[in-house]
Amino acid sequence: MSLKDKIDLKKLPNHIAIIMDGNGRWAERQGKNRIFGHKNGVKSVRETTEAAAELGINFLTLYAFSTENWNRPKFEIDALMRLLVQTIDKETKTLNKNNIRLQAIGDLKSLHKNSYKQLMKAIKDTEKNDRMTLVLALSYSSRWEIVKAVKTIIEQIKSNKISIDDIDQKVFSSFLTTSSIPDPELLIRTSGEYRISNFLLWQIAYSELYFTPKLWPDFRKEDLYEAILNFQNRERRFGMISEQIKKA
Ligand code: FPP
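Residues numbered from 1 in each chain as written. Predicted model: local features only at pLDDT ≥ 70, side-chain atom pairs only at ≥ 80, totals over all residues. Heavy atoms only, no water.

Student: Looking at this structure, how should I read the sheet that holds strand E2 (residues 59-66)?
Tutor: Two orientations exist for strands paired in a sheet by backbone hydrogen bonds: parallel and antiparallel. Strands sit in the order E3-E4-E2-E1-E5-E6 across an open sheet of six strands; the sheet is parallel. The open sheet has two free edges, formed respectively by strand E3 (100-105) and strand E6 (208-211), since each of these has just one partner strand. Between one strand axis and the next, the sheet turns through 20 degrees on average, direction left out of account. Sheet topology places E3 next to strand E4 (residues 132-140); six bridges connect them, and they run parallel. When the sheet's bridge partners are listed, Leu102 is paired in E4 with Leu134. In the packing of helix H4 (residues 74-97) onto the sheet, contacts are made with E2, E3 and E4, and the angle to E4 comes to roughly 165 degrees. (Pairing = 2+ DSSP bridges. Helix = DSSP H or I, 4+ residues; strand = E, 2+ residues; numbered from the N terminus. Axes fitted to C-alpha atoms, helices over the stretch in contact; angles between N-to-C directions. Contact = heavy atoms within 4.5 Å.)

Student: Would you mind showing me how to read helix H8 (residues 221-232) here?
Tutor: An ideal rise of 1.5 Å per residue puts 16 Å on twelve residues; H8 measures up with 17 Å between its terminal C-alpha atoms. Taken across its twelve residues, H8 has nine buried, putting it largely inside the fold. Every buried residue of H8 is accounted for by Lys221, Asp223, Leu224, Tyr225, Ala227, Ile228, Leu229, Phe231 and Gln232. At its buried positions, H8 is contacted by helix H1 (3-6), strand E1 (15-19), helix H3 (34-55), strand E5 (186-189) and E6. (Expected span 1.5 Å × (residues − 1). Buried < 20%, exposed > 50% of the residue type's maximum accessible area, 1.4 Å probe, protein only.)

Student: Help me out: how do you make sense of the site of the ligand in this one?
Tutor: Near the ligand you find 19 residues, and of these Asp21, Gly24, Arg25, Arg34 and Arg72 are the closest. Between the ligand and the protein, one listed contact pairs an oxygen atom with a backbone N or O atom of Gly22 at 3.4 Å. Between the ligand and Arg72 there is a distance of 2.8 Å, counted from an oxygen atom to a side-chain nitrogen or oxygen. When isolated, the ligand has an accessible area of 620 Å², and the protein chains bury 92% of it. Listing elements by their share of the shell around the ligand, those giving two or more residues are helix H2 (23-28), H3 and H4. By residue class, the composition of the shell around the ligand is eight nonpolar, seven polar and four charged. (Near = heavy atom within 4 Å. Polar contact = N/O pair within 3.5 Å; in protein donor to acceptor, adjacent residues only side chain to side chain. Areas by Shrake-Rupley, 256 points an atom, 1.4 Å probe, with all protein chains shown as cover. Nonpolar A, V, L, I, M, F, W, Y, C, P; charged D, E, K, R; others polar.)

Student: Please clarify how H4 should be interpreted in this entry.
Tutor: In this model, H4 (24 residues) spans 35 Å end to end at C-alpha, consistent with the 34 Å of a helix rising 1.5 Å per residue. At Glu91, H4 shows its maximal bend, which comes to roughly 40 degrees. Phi turns positive, to about 60 degrees, at Asn99, one or two residues after H4. (Bend = angle between axes of the 7 residues up to and from the residue.)

Student: What's the story with the packing of H3 against H8 in this structure? I'm lost.
Tutor: The packing of two helices is summarised by the inter-axis angle and the distance between the axes. Where H3 meets H8, the closest approach of the two axes is 8 Å, and the angle between their N-to-C directions is 50 degrees. With respect to each other, H3 and H8 are oriented oblique. Seen from above, H3 lies across H8 with right-handed handedness. Counting all contacts with H3, which are made through Glu47, Thr48, Glu50, Ala51, Ala52, Glu54 and Leu55, the residues of H8 involved are Lys221, Leu224, Tyr225 and Ile228. Tallied by class, the residues present in the contact of H3 with H8 amount to six nonpolar, one polar and four charged. (Parallel < 35°, antiparallel > 145°, perpendicular 65-115°, else oblique. Left-handed = near helix turned anticlockwise from the far one by under 90°.)

Student: Help me out: how do you make sense of the packing of aromatic side chains in this one?
Tutor: The way to describe two aromatic rings as a pair is by their centre distance and the angle between their planes. According to the stated counting rule, one finds eight aromatic pairs in the structure shown. Here the aromatic rings of Trp26 and Phe36 are separated by 5.7 Å at their centres, their planes lie at 25 degrees, and the arrangement is stacked. In this pair, Trp26 is assigned in helix H2 and Phe36 in helix H3, connecting sequence segments ten residues apart. Residue classification places Trp26 among the buried positions, given a relative accessible area of 13%. Taking the centre distance of 6.0 Å and the plane angle of 75 degrees together, the rings of Tyr63 and Tyr140 count as edge-to-face. Here Tyr140 lies in strand E4 and Tyr63 lies in strand E2, a separation of 77 residues in the sequence. For Tyr63, a relative accessible area of 7% corresponds to the buried category. Counting every residue linked through ring pairs, the aromatic cluster contains Tyr63, Tyr140 and Phe199. (Phe/Tyr/Trp six-rings, centres within 6.5 Å; stacked < 30°, edge-to-face > 60°.)

Student: Explain unusual backbone geometry here, please?
Tutor: One can expect most non-glycine residues to show negative phi and most peptide bonds to be in trans. A positive phi angle, close to 60 degrees, is found at Asn99, a residue other than glycine. Among the secondary structure elements, Asn99 is positioned in the loop between H4 and E3. With relative accessibility at 27%, the residue Asn99 sits in the partly exposed group. Backbone geometry at Leu200 places phi at a positive 45 degrees, although glycine is not the residue there. In this structure, Leu200 sits in the loop between E5 and E6. A residue is classified by how much of its surface remains accessible, and Leu200, at 2% relative accessible area, is buried.

Structure representation (structure tokens):
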């Protein structure tokens, strides 16, 4: 029985988020520059997206560029931006063919002009697709997002659009860039690092975390299946006790 066949399709995570890590180390281990790693990381993006859509996952979020990544050397930032434009340009057709919608979260206006334009075009061109939503986190960080939400809420209170009593967890969530996206049930990080690195801090309150030593450019469909199987063998209690979950 293959790994894929072992997956219970009735118990799939609705939303999988991935911290794609290890491109640089993957390249350096082969004596190549870091950009080579990012280029090969695109293959993993393609494979993972395909595997998730084939299985019937509804949302897949990929951490492609963090707010902190702006501190990398200029040549690496430029290369990542170029790669983003090229990839989006090349893959929009495939996304449409496979009925996949593209969305993005983050400080998108801070992206290089060309990348931003290309991204917006792809989001528009795929907006009617409804098989799976692929969310790219670009120039994203959780703390940036939370501070931004707080500022907007304060402005709305000041202009009497909402009152303090209206604010609860649901309302707060609606001010985050992920307002139209359900919380991830499974968060995967590659490359053997056990960190969340400012990614979806609010949204992963009850997510199952899965860490794999695989470097991102080596991540293949089978690795996604393994993570999902691991998820399916866990008991999610949401603060309750085992017996309560079994009765539900
Ligand atoms: C982390 O590896 C990876 C990134 C910061 C960028 C991820 C980008 C891609 C996979 C390519 C473009 C993506 C899309 C969606 C078009 P790292 O550089 O931090 O690796 P290291 O930890 O080994 O240095």
